Amino acid sequence: MHHHLTPLSEVRIAVVGLGYVGLPLAVEFAKKFPVIGFDISTKRVQELAEGKDLTLEVEDKDLQKVLAKDSNTLWQQGMGFLPTTKSSEMGSCQVYIVTVPTPTDRHNRPVLTPMLRASEEIGKYLKKGDVVIYESTVYPGVTEEECVPILEKVSGLKYNEDFYAGYSPERINPGDKEHTVAKILKVTSGSTPEVADYVDALYREVITAGTHKASCIKVAEAAKVIENSQRDINIAFVNELSKIFCLLGIDTHEVLRAASTKWNFLPFKPGLVGGHCIGVDPFYLAQKAQEVGYHPEIILAGRRLNDSMGKHVATEVIKLMMRKDLKVIDSKVLILGFTFKEDCPDVRNTRVIDIYRELRTFDMEVDVYDPWASPEEVAHEYGIHIQNGKQHPDLQDYSAIVLAVAHKEFMSMPLEKNDQQVIYDVKAILDKEKVDARL
């Protein structure tokens, strides 16, 4: 039945989507296999071809080590990485790995367009015996109910007779230099038992942390979506606590430190929940639940609470300013940090924008400084101007300073609460004595 699966020793891989997830995976596979990396962004492919990764997920020297200059060299070497915007380069591959983003729209509905487009593109080149593996976060059923029919339609081939599918959810942690692709255990699955073994064996070639083979594609899809939903709900709970303790005049972090001395207490901390996973995935699960007639309560309540935190921070800053008799309207405020997490340039779905927008409604002049973020990307995504120079703005100029992201650069800044200024520390990176309040 599966006599035409390409032996791993001869396999050529195409990775579709070269962002935070696709690039590290492609580079890892390129150490053992020939890998074509396809992306629709000319700018992205160009910088990768020059050996530069602006997402900082892969060290430039590691990228340069595996780069091939053209596909002939790639096939001759039998390993290496070729980034390209020409989808036809994928034509000689037998395994396609889809690592495109799966965002939500402004009504929090899943946007499957990038995945469906990638499937159309792959469908043009699909051959008998090929395997298409999806890594993007989805709700259970997307691979087989949404993507496979497109592959069938475009290629004219039959699923599980001519070609096969797999699902192996990405677990990349942006900005994390410790838990890199190879060091995170990977869940795998396939559309038949043989294909599941094949997909599992393929990933085992590069994932040193090992793999876990799920019983079917839907189980693997569901596992991914609940990992992030669980994290979202846990953070929502401590965020709710921080709102309560704020009203009671207790420091949340001291409460959490005391509670953490119990062996099974989970040490989550309050904060803004953004990024392309935790702030998005629960909506994928909720969408599917609603389709089958169940109205999720906990999942959506967690989302609402976490999405309210930016506004909460802004409101608290304004209260503190009033208590110090500082003028609110037309005052100058500085937000330190704009990315969705520390020491990482990723600004996708950052909730710092909520603090910014709320403060702007009080006619405050709000400056944002983030040495990690790209001002072009922020201007394009959010329509605001930020500073990211080596030199931080003069802290004396502001009536309030909001430490929104725990970048290491901010730890050493001369921040100290005083009569002329409110210092609000969202991530509790400074000593309690130095700040007016923290989440």
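This one's a predicted model, so the numbers in the text were calculated from it and none came from an experiment.

**Student:** Sorry, what's going on with the nonpolar core here?
**Tutor:** Nonpolar side chains tend to gather and get buried jointly when the protein is soluble and globular. Met90, Tyr96, Met115, Ile122, Leu126, Val132 and Tyr134 are the most contacted members of the largest nonpolar core, which totals 41 residues. Setting aside chain neighbours within four positions, we find Val132 in contact with Tyr96, Val98, Ile122, Leu126, Leu151, Tyr164, Ala165 and Gly166. Formed by 38 residues, the second largest nonpolar core is a distinct cluster that contains Val328, Ile335, Ala404 and Ala437.

**Student:** Could you clarify how one ought to interpret helix 5 (residues 113-123) in this entry?
**Tutor:** Note on helix geometry: an α-helix contains 3.6 residues per turn, so any two residues three or four positions apart are oriented the same way. Along helix 5, the residues that are buried comprise Met115, Ala118, Ser119, Glu121, Ile122 and Gly123. On its buried side, helix 5 packs onto strand 1 (13-16), strand 2 (34-38), strand 4 (95-98), strand 5 (131-134) and helix 6 (142-155).

**Student:** What exactly am I supposed to notice about the side chain of Asp200 here?
**Tutor:** Here Asp200 shows up in helix 7 (residues 193-204). Since its relative accessible area comes to 7%, Asp200 is described here as buried. In this view, Asp200 contacts Thr188, Thr211, His212 and Lys213; residues no more than four positions away in its chain are not counted.

**Student:** Even after reading the chapter, I still don't get a positive patch on the surface, so can you show me in this structure?
**Tutor:** A cluster of basic side chains, namely Arg231, Arg257, Lys269 and Lys427, defines a positive patch on the protein surface. Inspection of the secondary structure puts Lys427 in the loop between strand 12 (422-425) and strand 13 (437-438).

**Student:** Looking at this structure, how should I read the state of the cysteines?
**Tutor:** Two cysteines, two sulfur atoms, one covalent bond between them: this is a disulfide. If you walk through the whole model with that rule in mind, you get zero disulfides. Lacking any disulfide linkage, Cys216 is separated from the closest cysteine sulfur, that of Cys147, by 16 Å. Looking at Cys216, the relative accessible area reads 30%, which means it is partly exposed.

**Student:** I tried to follow the sheet that holds strand 4 on my own but got confused; where do I start?
**Tutor:** Pairing between the strands of a sheet is mediated by backbone hydrogen bonds and can be parallel or antiparallel. Strand order across the open sheet formed by six strands is 3-2-1-4-5-6, with parallel pairing between neighbours. With one partner strand each, in any of the chains shown, strand 3 (80-84) and strand 6 (164-167) form the two edges of the open sheet. Recorded for the sheet is a direction-independent mean angle of 20° between the axes of neighbouring strands. Relative to strand 4, strand 1 is paired through four bridges, and the arrangement is parallel. By the bridge assignment for strand 4, Val16 is matched with Val98.

**Student:** Looking at this structure, how should I read the pairing of strand 1?
**Tutor:** Along any regular strand the residues' side chains alternate between the sheet's two faces. Of the two faces of strand 1, the one holding Ile13 and Val15 and the one holding Ala14 and Val16 are both buried throughout. The handedness of the strand 1 to strand 2 crossover, carried by helix 1 (residues 22-29), is right-handed.

Parameters and conventions
- Residues numbered from 1 in each chain as written.
- Predicted model: local features only at pLDDT ≥ 70, side-chain atom pairs only at ≥ 80, totals over all residues.
- Heavy atoms only, no water.
- Core = buried A, V, L, I, M, F, W, Y, C linked by side-chain atoms within 4.5 Å.
- Buried < 20%, exposed > 50% of the residue type's maximum accessible area, 1.4 Å probe, protein only.
- Contact = heavy atoms within 4.5 Å.
- Helix = DSSP H or I, 4+ residues; strand = E, 2+ residues; numbered from the N terminus.
- Patch = residues over 30% accessible without salt bridge, like charges linked within 9 Å, V, L, I, M, F, W, Y side chains within 5 Å.
- Areas by Shrake-Rupley, 256 points an atom, 1.4 Å probe, with all protein chains shown as cover.
- Salt bridge = Lys/Arg side-chain N within 4 Å of Asp/Glu carboxyl O.
- Lys, Arg positive; Asp, Glu negative; His and termini not counted.
- Charge placed at Lys NZ, Arg CZ, Asp CG, Glu CD.
- Disulfide = S-S within 2.5 Å.
- Pairing = 2+ DSSP bridges.
- Axes fitted to C-alpha atoms, helices over the stretch in contact; angles between N-to-C directions.
- Right-handed = clockwise from strand over helix to strand, strands pointing away.

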